[in-house]
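If you want the building blocks of each chain, they are given just below.
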Amino acid sequence: MAEPKATELMEKIVSLCKRRGFIFQSSEIYGGINGFWDYGPLGAELKRNVKELWWTSMTRLRDDVAGLEATIIMHPQIWKASGHVDTFSDPMSTCRHCKKLVRADQVWEQLPENAWAQAIAELCPGGHVDSARLLGWAKGKGQRVAPNLALVRNPETTLSWLAERVQQNPAPLETKELYQYLATEQFRQTGLVTPCPHCGGELTAPRPFNLMFKTHYGPVESDDNLCYLRPETAQAIFVQFKNVMETSRQRVPFGIAQMGKAFRNEVTPRNYTFRSREFEQMELEFFIKPDEAVEALSGTVAVPQAPGHPGEPQADWGWQLWHQYWVEERIKFYEGIGLPRTTLEEYWQKPEELAHYARACVDILFKFPFGTQELEGIAARGDFDLSQHARASGKPMGVFDETLRTAWTKLTKEKQDELWKRYYEARKKYLVKMGVEPEVATTEATADADGLAKGQYIAHVIEPSAGVDRLILGLITHAYSEVTDTDDKGKSETRVIMRFHPRVAPIKVAVLPLLKNKPELVKKAQEVFALLRTQMNTYYDEAGSIGRRYARQDEAGTPFCITIDFDSLGEKPELLNTVTLRHRDDGRQERLPIAELLSYLLPKIR
Ligand code: ATP
């Protein structure tokens, strides 16, 4: 059950975000639009910082990654080839009573958030059925909070099925089973029914609902010019693979990074910005050699030896080591922007959960107040994507590697045969899975394996795919803290400090003249402001008491405040041209020369 404390905390966070200008509801004056959010002045800065840090660490600080910025609308065939047209769907059910749409795989997650489900959990603690209390609730409060629940509409019949169950098996009921019994009126005909999380009514069987937003290009709306808003940024990277590789003079292994908007018509957007219909992604497709090519070149394929970061990439790394490397690199990134490892979890998808083309996938989860949920997925996708676009477009997507061609000629015949066969089998398996006739698949896989012997292959890919908005939400929820100050008169006040890492903080430093009616203080403060603002986002504030101004900055998450006082003007001659620098997290203050401010602050915010 969702902790009431977590709900309360989220309510406080949502309210702070609106009050301080981090996040607003999109189109608010028209009542909002579900699943769409705007970033206000502080949110826009926070988001910009996060994206900049990702881009810098992924591209500029690496020799082996190039950037891309592609269009949101692309050729519709891309989404056919990628599988999105046929399979990018979520199971959706409709409530037969209130008609709301519900994501069938999220019913049990959503239920405990609703008042009626919480009431039932309290009436039957530990799954022990108390029919009398259930009946009382059904005839009273239940009428209001769950009008369509079978227990409320027809309590006697519904409770009779439950009584039968308890008679046959006196063990307490699992929560899920309990809710199902209470939603079931005609047990003999329907079996146990799944309740609508909103009203308790009966849900229809799930059917697939495609999540892509459709639109048309050009003036005529017809099936011929149907196109989609991209549901992920990744596909543009695959279709521009050759162009980027050639123009950036990269060779496999290398990556292409892209960030930008993605759109998914989510059935039930929820948990604030966590599941939105318009959001941003930061994606890397890192292309590697197939293991057969690595083995031909290096004589062996290195595999993970121990958990943790495997160190600098090596030529003999197979896909598993590359995958482990990217999981660790991404965790390092999160740690570097203020999300400690203890706030994260790795979830290794089980074989049956993997997409059909994926060899492995690790979800990096973050402990949000509403539960531990996915922040980023890091998938080892084999050569599926490039192969699909090669087949659908008719354009070759393979790479040629002269060193592989030469290395192959130096292998023993036995080794050549072994690698040839492994590559052939892998290619054939992929082709057959994609519905290619077995004979055709045999011919094509033979050509692919012959190609490997000549130095050609389709690159495999490791994909770290992160959501900007989920990360922003993670940073906001992690930064949120409350402190209670008590003044001399014993009056206490609770206020918020947003403890953002200085690298992501929307405002890096605030410049505050001690008094606004002393022109010399204001002049000096303006000089300091002018000095800092070209290098970092700086805020100037002269309104209100200094304590109030500190509190305002704490709430905005500003890590440093600089106060210009009379000593700055030389009241104590030895302190001329020095300022007080206050640290947000512990209120510590230190005196620094103005001339040293930049060299002090810059390393802390970069
Ligand atoms: P989920 O299972 O939560 O729907 P997913 O596995 O479909 O996510 P991916 O397709 O792997 O997500 O997308 C990569 C990343 O994009 C996710 O880890 C997440 O951070 C972000 N993302 C995906 N869908 C949304 C959404 N509706 N709103 C906000 N961010 C999203």
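One can find the structure itself at the top, above this paragraph.
Residues numbered from 1 in each chain as written. Predicted model: local features only at pLDDT ≥ 70, side-chain atom pairs only at ≥ 80, totals over all residues. Heavy atoms only, no water.

1. Things to note about the overall build of the protein chain
What counts, and what does not: Numbering goes from the N terminus for both helices and strands, where a helix is a DSSP run of H or I of at least four residues and a strand is a run of E of at least two. We call two residues in contact when some of their heavy atoms are within 4.5 Å. Each accessible area is a Shrake-Rupley result for a 1.4 Å probe, and residues are judged covered by the shown protein chains and nothing else.
When you go through the protein chain residue by residue, the secondary structure sums to 24 helices and 23 strands. Structurally, the protein chain occupies a C-alpha span of about 90 × 80 × 55 Å along its principal axes. Within the protein chain, counting contacts between residues at least 6 apart in sequence, those at least 24 apart form 64% of the total. Element-wise, carbon and sulfur atoms account for 52% of the exposed surface of the protein chain, whose accessible area totals about 28800 Å².

2. What about unusual backbone geometry?
Defined as follows: Here's how the labels work: a residue is buried when its accessible area is under 20% of the maximum for its type, exposed when over 50%, partly exposed in between, all with a 1.4 Å probe on protein chains only.
The amide bond that connects V252 to the next residue, P253, takes the cis arrangement and shows omega of 5°. Position of P253 relative to the elements: it lies in the loop between α14 (241-248) and β9 (254-263). Look at N271: it is not a glycine, yet its phi comes out positive at around 55°. Structurally, N271 can be placed in the loop between β9 and β10 (278-288). For N271, a relative accessible area of 16% corresponds to the buried category. Positive phi, normally seen in glycine, also occurs at Y272, with a value near 60°.

3. Comments concerning the sheet that holds strand β21 (residues 560-564)
Note the threshold: Two strands make a pair as long as DSSP finds a minimum of two bridges between them. Between N-to-C directions, angles cover 0 to 180 degrees, with each direction set by a line fitted to C-alpha atoms, over the stretch in contact for helices.
The strand order across the open sheet formed by 5 strands is β20-β19-β21-β22-β23, and the pairing between neighbours is mixed. Of all the strands in the sheet, the pair left with one neighbour each is β20 (538-540) and β23 (589-593). Along the sheet, successive strands turn relative to each other by an average axial angle of 25°, direction set aside. Here helix α23 (residues 546-556) sits on the sheet in contact with β19 (509-513), β20, β21, β22 (578-583) and β23, set at roughly 170° to β19.

4. Quick word on the site of the ligand
Spelled out, the test is: The nearness test applies per residue and asks whether one of its heavy atoms lies within 4 Å of the molecule or strand. Polar contacts, as counted here, are pairs of nitrogen or oxygen atoms within 3.5 Å of one another; within protein the pair requires one atom able to donate a hydrogen and one able to accept it, and residues that are adjacent in sequence qualify only if both atoms are side-chain atoms. Side-chain classes are defined by residue name, with Ala, Val, Leu, Ile, Met, Phe, Trp, Tyr, Cys and Pro counting as nonpolar, Asp, Glu, Lys and Arg as charged, and the others, Gly among them, as polar.
By nearness alone, 15 residues border the ligand, and E266, R275, S276, E374 and L375 come closest of all. The side chain of R264 places a nitrogen or oxygen atom 2.9 Å from an oxygen atom of the ligand. Note that a nitrogen atom of the ligand is positioned 2.8 Å from one of the side-chain N or O atoms of E266. Protein chains bury 81% of the 590 Å² of accessible surface belonging to the ligand in isolation. Sorting elements by how many residues they give to the shell around the ligand places strand β13 (residues 371-382) first, with 4 residues. Partitioned by chemical class, the residues of the shell around the ligand number 4 nonpolar, 5 polar and 6 charged.

5. A word on the sheet that holds strand β4 (residues 89-94)
As summarised here, the arrangement of the 3 strands in space is β5-β4-β6, forming an open sheet in which the pairing is antiparallel. Looking at strand neighbours, the two that pair on one side only are β5 (101-103) and β6 (207-210), the edges of this open sheet. Averaged over all pairs of adjacent strands, the angle between their axes in this sheet comes to 50°, without regard to strand direction. One ladder, built from 4 bridges, connects β4 with β6; its direction is antiparallel. Note on β6: the bridge partner recorded for S89 is N210.

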